[in-house]
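Structure assessment
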Amino acid sequence: MTIHDPDRQWAEATPDALALVTDDAKWAWADLDARVGRCAAALAQGPERVAVRAPTSPDLVVLVLAARRAGRLLVPLSTRWTDADVVAALNRLNLDSLLSDHAVDGATTVPLASVTDDADGSQAAPADLELETWFTVVHTSGSTGVPKAVVHSVGNHVWSARGVIEGLGLDAGDRWLLDLQLYHVGGLGIVMRCVTAGATIALPTESSLPEAVAALRPTHVSLVSTQLRRLLDQGTDLSMLKVALLGGSGIPPDLLASASRANVPAVVSYGLTEMTSTVTATPAGAFTGGGTTS
């Protein structure tokens, strides 16, 4: 089964609509599509498996979408790992090199900009996406032992995104705050949902979470309980939120009660790497302090 490349679809339908916004830059769908096309053309000249170790950034978003367009298997590795951990993972997965702006002792590293800022201007043809194609290798958190590498197809990400969009609502013109790392399925899920729905990726580059919420005005956020508590305790204006997706640990009932009093539409969710992010989620604002998650 195939689908039309969603980022190209929005570039064709609404080229001037906002695709990605940072603290100091804005990209329309036409801009993002052009960057993705150039990066996909560069990736098409290289190996079929692409490892990357980099913090969340516009360039990394471009790489993720370009890997999908070029049919490359993307292996994002944690920036928290030691060099030895990174090398061990590369060896286990039989990878020869790594895209990274920081040298890794024992590994061949190539600057991320070498593919995201392709200078010759060539564009990869925006072919339809094969849902059965392997797309990402994401490692589990390792909370129960050595992190395990989980392979996801294009379809895994597409159906996960569509499920969250249908369950929680996400429309063109909405903004989802991307303050998660893209070596986690939670971060990748935000990118996939926004691209699928035509919503804007709101990516803070320097600001703290309260500053990012104030400056970027997201309609959707993904938070752990301590982050939401901090925002509430600081009196951050959250009136623009349609969804505050909570997960990652147990959600204290008193926090849900506080969110309800502040009219924050909290969503209690559970997900895991093996299932490509979110598995279950409550309706927005359904809890007022009477439930927890595990």
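Placed above this text is the structure.
A quick note: this is a predicted structure, and the numbers were derived from the prediction, not measured. (Residues numbered from 1 in each chain as written. Predicted model: local features only at pLDDT ≥ 70, side-chain atom pairs only at ≥ 80, totals over all residues. Heavy atoms only, no water.)

In this section: the overall build of the protein. Within the protein one finds 10 helices and 16 strands. In summary, the protein has a C-alpha radius of gyration of 19 Å against a globular reference of 19 Å for 294 residues, a match within 12%. When its C-alpha atoms are laid out on the principal axes, the protein stretches across 55 × 45 × 40 Å. Taking the intrachain contacts of the protein between residues at least 6 apart in sequence as the baseline, contacts between residues at least 24 apart amount to 64%. When the accessible surface of the protein is summed, it comes to about 12700 Å², and 51% of that surface belongs to carbon and sulfur atoms. Across the protein, 20 positive and 31 negative side-chain charges occur, with their mean positions spaced 5 Å apart. (Helix = DSSP H or I, 4+ residues; strand = E, 2+ residues; numbered from the N terminus. Rg over C-alpha atoms; globule rule 2.2 N^0.38 Å. Contact = heavy atoms within 4.5 Å. Areas by Shrake-Rupley, 256 points an atom, 1.4 Å probe, with all protein chains shown as cover. Lys, Arg positive; Asp, Glu negative; His and termini not counted. Charge placed at Lys NZ, Arg CZ, Asp CG, Glu CD.)

Take the packing of helix 3 (residues 58-70) against helix 7 (residues 185-197) next. Taken N-terminus to C-terminus, the directions of helix 3 and helix 7 make an angle of 70 degrees; their axes are 11 Å apart at the nearest point. When the axis of helix 3 is compared with that of helix 7, the two are roughly perpendicular. In the packing of helix 3 onto helix 7, the handedness of the crossing is right-handed. Every residue of helix 7 that contacts helix 3 at Val61, Val64, Leu65 and Arg68 is listed here: Leu188, Val191, Met192 and Val195. Looking at the contact of helix 3 with helix 7, its residues break down into seven nonpolar, no polar and one charged. (Axes fitted to C-alpha atoms, helices over the stretch in contact; angles between N-to-C directions. Parallel < 35°, antiparallel > 145°, perpendicular 65-115°, else oblique. Left-handed = near helix turned anticlockwise from the far one by under 90°. Nonpolar A, V, L, I, M, F, W, Y, C, P; charged D, E, K, R; others polar.)

On the surface, Tyr270, Met275 and Val279 cluster together into a nonpolar patch covering about 290 Å² of accessible area. With respect to the helices, strands and loops of the structure, Met275 is situated in the loop between strand 15 (266-272) and strand 16 (277-281). (Patch = residues over 30% accessible without salt bridge, like charges linked within 9 Å, V, L, I, M, F, W, Y side chains within 5 Å. Salt bridge = Lys/Arg side-chain N within 4 Å of Asp/Glu carboxyl O.)

Another aspect to go through is the nonpolar core. Core analysis: the largest hydrophobic core is formed by 59 residues, its most contacted members being Leu43, Val61, Leu63 and Val191. The element best represented in this core is helix 3, accounting for nine residues. If we skip the residues at most four places from it in the chain, Val61 touches Leu20, Leu178, Leu182, Val191, Ile201 and Leu203. By size, the runner-up hydrophobic cluster in this structure holds 23 residues, among which are Leu177, Val213, Leu231 and Ala244. (Core = buried A, V, L, I, M, F, W, Y, C linked by side-chain atoms within 4.5 Å. Buried < 20%, exposed > 50% of the residue type's maximum accessible area, 1.4 Å probe, protein only.)

With that settled, the discussion passes to the pattern of salt bridges. Enumeration according to the criterion identifies 11 salt bridges in this entry. The salt bridge partner of Arg69 is Asp7, with a shortest N-O separation of 2.8 Å. You can see Arg69 sitting in helix 3 and its partner Asp7 sitting in helix 1 (residues 6-13), a full 62 residues away along the chain. Residue Asp7 is classed as buried on the basis of its relative accessible area, which comes to 0%.

What follows deals with the packing of aromatic side chains. Tallied over the entire structure, the rule returns one aromatic pair. Directly above the ring of Trp159 sits Arg162, whose terminal nitrogen or CZ lies 4.8 Å from the centroid. In this structure, Arg193 is placed above the aromatic ring of Trp176, and the distance from its NZ or CZ to the ring centre is 4.8 Å. (Phe/Tyr/Trp six-rings, centres within 6.5 Å; stacked < 30°, edge-to-face > 60°. Lys NZ or Arg CZ within 6 Å of the ring centre and 35° of its normal.)

Our focus in this paragraph is the side chain of Asp174. Tracing the chain through its elements places Asp174 in the loop between helix 6 (154-168) and strand 11 (175-177). A distance of 2.7 Å separates a polar atom in the side chain of Asp174 from a polar atom in the side chain of Lys242. Not counting residues up to four positions away in its chain, the partners in contact with Asp174 are Ala199, Thr200, Thr219, His220 and Lys242. (Polar contact = N/O pair within 3.5 Å; in protein donor to acceptor, adjacent residues only side chain to side chain.)

On to unusual backbone geometry, then. Non-glycine residue Asn263 carries a positive phi angle of around 60 degrees. Within the fold, Asn263 resides in the loop between helix 10 (253-261) and strand 15.

Here we take up helix 6. Helix length check: helix 6 (15 residues) gives 21 Å between terminal C-alpha atoms against 21 Å at 1.5 Å per residue, within 8%. The complete set of buried residues in helix 6 reads Val154, Gly155, His157, Val158, Ser160, Ala161, Val164, Ile165 and Leu168. Two residues or fewer past helix 6, Gly169 is found with a positive phi of approximately 85 degrees. (Expected span 1.5 Å × (residues − 1).)

Here His152 is to be found in strand 10 (residues 149-153). Note on His152: relative accessible area 1%, which makes it buried. Between the C-alpha atoms of His152 and Asn263, which are 111 residues apart in sequence, the distance is 36 Å. Setting aside residues up to four positions removed in sequence, His152 forms contacts with Trp134, Phe135, Thr136, Val138, His157, Val185, Thr273, Glu274 and Thr276. Separated by 2.7 Å, the side chain of His152 and the backbone oxygen of Thr273 make a polar contact.

This part takes up the environment of Leu98. Among the secondary structure elements, Leu98 is positioned in strand 6 (residues 97-99). The sequence separation of Leu98 and Val50 amounts to 48 residues, and the corresponding C-alpha distance is 7.2 Å. Not counting residues within four places of it along the chain, the set of residues in contact with Leu98 comprises Ala51, Val52, Arg53, Leu77, Val86, Leu90, Val104, Thr108, Thr109 and Val110.

Once that is clear, we can look at the pairing of strand 13 (residues 220-223). Residues of strand 13 alternate between two faces, with His220 and Ser222 on one and Val221 and Leu223 on the opposite face, all of them buried. Direction of pairing for strand 13 relative to strand 14 (residues 243-246): parallel, over a ladder of four bridges. When the bridges of strand 14 are listed, Ser222 appears paired with Leu245. This β-α-β element, strand 13 to helix 9 (residues 225-233) to strand 14, shows right-handed connectivity. (Pairing = 2+ DSSP bridges. Right-handed = clockwise from strand over helix to strand, strands pointing away.)

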